[in-house]
Structures are given as structure tokens and as C-alpha cells.
Amino acid sequence: MPSRHLIAIYPGSFDPLTNGHLDLISRGCRLVDRLIVAILDNTQKQALFSVAERIDMLRETTANLANVEVDSFHGLLVDYAARREANAILRGIRAISDYETELQMALVNRRMRPETETIFLMAREEYSFISSRMIKEIITLDGDVSSFVPQPVAGRLRTKFPADSKIK
Ligand code: ADP
């Protein structure tokens with residue numbers, strides 16, 4: 001009999017965490033017993049924030065969500081899912097462009113670990129255009145991203161880029 005205790009992992013870079021990610025976390029955690037938000041520690045990717053900084057921001061932002069845990073992992077997601085005894089992976093879909101890569105990842109993960117099912121949530125309309133990559137681009141051009149990211153992230157960005165007075 002399959003376990004009825006649902007543990008889901010929401011993996012991603014979260015560099016930085018956006019209001020879109022946060023919406024997915026708050027909607028996702030209502031569907032499962034436990035949601036583990038897991039930051040992929042990818043040393044090959046040039047990151048804006050260190051993994052420790054991203055963990056701090058995620059913990060601060062999700063402190064009010066009792067069944068949400070924040071963690072990081074190296075290597076294959078399915079191996080991490082096995083270690084954490086997770087039976088689901090949560091991912092978000094914003095547009096057709098997400099669908100193609102998400103489909104491929106879900107199929108590969110299912111082949112490697114069939115007992116972990118991928119659950120997709122559609123992005124909310126008002127967040128569907130927000131991506132971490134877009135936030136990084138706006139910051140590089142000295143734009144204001146405070147309406148796209150949670151307050152603790154905007155605060156950290158202000159500290160990291162003190163010259164940018166537009167981050168409120
Ligand atoms: P990755 O580096 O794996 O793309 P991200 O942190 O950018 O990591 O995204 C993690 C997951 O969150 C992906 O499934 C992505 O589609 C989803 N996601 C990202 N931005 C949003 C958003 N604005 N609304 C809903 N889901 C999103």
C-alpha cells in the first residue's frame with residue numbers, strides 16, 4: 001500500500017526567491033503533509049546569493065508556514081528525494097516554454113525513481129512573468145524589483161547593491 005503521508009520536494013535555484021516561488025510554496029504546502037524547499041547547490045552556476053544566504057531568506061519568508069522546511073542538496077534530485085523519503089516533487093509552470101523542460105525532467109526523474117511523482121501547479125496570472133533571471137537583469141540595469149520579490153529579499157538586495165537606491 002502506498003504511504004498516505006505525502007512529503008514533497010520543491011527544488012530550484014531560488015537565486016533570488018521571487019513572489020512567484022513564494023506563491024507556489026504557499027499553495028503547494030496546503031496540498032501535502034510536508035514541503036521541503038530544496039536549493040540546488042550548483043557550483044557551476046554563477047550565483048547572485050550564496051546557498052547560505054538563500055536558505056536564510058527562504059526561512060525568513062516561510063516562517064509562518066508550519067509544514068515547510070528549507071534545505072539544500074548536491075547531485076541528483078531523485079537521490080535526494082530517496083534520502084528524504086519524499087514521494088513527490090513540486091514544480092511550477094508559467095508558459096509553454098516551461099512545459100517542455102519540465103516534461104523532460106519529470107520523465108527522466110520518473111524513469112530513475114518511479115515512486116516519486118511530479119506534481120505541477122500553474123503559476124498565478126499575476127506572477128507568471130516573474131523569473132529569477134529577469135530579476136537579475138533588472139538589478140544589473142539598476143531597476144526596482146521590490147514588487148517582484150518578498151520583503152526580506154528586497155532588503156538583502158538593497159544591502160548587496162547599496163548604490164541602487166531604487167530597491168525600496
Ligand atoms: P530552476 O533553476 O530549476 O529553473 P527556479 O528557482 O528558477 O529554478 O524555479 C524552480 C521552479 O519554480 C520551476 O519549476 C519553475 O518553473 C518554478 N517557478 C519559477 N518562477 C515561478 C513563478 N513566477 N510562478 C510559478 N512557478 C515558478
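In this text the structure is predicted, and so the values were computed from the model without any measurement. (Residues numbered from 1 in each chain as written. Predicted model: local features only at pLDDT ≥ 70, side-chain atom pairs only at ≥ 80, totals over all residues. Heavy atoms only, no water.)

Thoughts on helix α5 (residues 132-140)
For clarity, the cut-off: Each residue is assigned to one of three classes by its accessible area relative to the maximum for its type, calculated with a 1.4 Å probe on protein chains only: buried under 20%, partly exposed between the two thresholds, exposed over 50%. Only DSSP runs of H or I reaching four residues or more are called helices, and only runs of E reaching two or more are called strands; each is numbered from the N terminus. Arc, as used here, means the arc of the directions from the helix axis to the C-beta atoms. Whether two residues are in contact is decided by their heavy atoms, any of which lying within 4.5 Å being enough.
Within α5, burial applies to Ser132, Ile135 and Ile139. Down the axis of α5, the buried set is contained in an arc of 55 degrees. They therefore lie on one face. In α5, the exposed positions angled more than 90 degrees off the buried face are occupied by Arg133 and Thr140. Buried residues belonging to α5 abut α1 (19-28) and α6 (151-160).

Considering the environment of Phe129
With respect to the helices and strands, Phe129 occurs in the loop between β5 (117-122) and α5. Considering only alpha carbons, one finds Phe129 and Gln46, 83 residues apart in sequence, at a separation of 23 Å. Apart from the residues within four sequence positions on either side, Phe129 is in contact with Met134 and Phe148.

Observations regarding the nonpolar core
The condition is simple: Among buried residues, the Ala, Val, Leu, Ile, Met, Phe, Trp, Tyr and Cys ones that are joined through side-chain atoms within 4.5 Å form a nonpolar core.
In terms of nonpolar packing, the biggest core is built from 32 residues, with Tyr10, Ile25, Leu35, Leu58, Val149 and Leu157 touching the most fellow members. Of all the secondary structure elements, the ones that give two or more residues to this core are β1 (7-12), α1, β2 (34-40), α2 (51-61), β3 (68-73), β4 (88-93), α5 and α6. By residue number, the principal contributor to this core is α2, which donates 4 residues. The contact partners of Leu35, leaving out residues within four places of it in the chain, are Ala8, Ile9, Tyr10, Ile25, Gly28, Cys29, Asn67, Val68, Glu69 and Leu90. Judged by nonpolar contacts, the second largest core, of 10 residues, contains Ile9, Phe73, Tyr80 and Ile89.

Some thoughts on the pattern of salt bridges
How we decide: Salt bridge criterion: a side-chain nitrogen from Lys or Arg within 4 Å of a carboxyl oxygen from Asp or Glu.
Tallied over the full model, the rule gives 14 salt bridges. Note that Asp56 is salt-bridged to Arg156, the shortest N-O span being 3.4 Å. Placement of the pair is Asp56 in helix α2 and Arg156 in helix α6, with a sequence separation of 100 residues.

What to know about the sheet that holds β5
Each strand in a sheet pairs with another by means of backbone hydrogen bonds, the pair being arranged parallel or else antiparallel. Note the threshold: Strand pairing is defined by DSSP finding a minimum of two bridges between the two strands. The axes are straight lines fitted to the C-alpha atoms, using for helices just the contacting stretch, and the angles between their N-to-C directions are given from 0 to 180°.
Ordered by their spatial adjacency, 5 strands build an open sheet running β3-β2-β1-β4-β5, and the pairing between neighbours is parallel. Looking along the sheet, the strands with just one partner apiece sit at the ends: β3 and β5. Going from strand to strand, the sheet's axes swing by 30 degrees on average, the running direction of each strand aside. Pairing analysis gives 6 bridges linking β4 to β5, with the strands arranged parallel. Of the residues in β5, the one forming a bridge with Arg91 is Phe120. Running over the sheet, helix α4 (residues 96-112) touches β4 and β5 and is turned about 170 degrees from β4.

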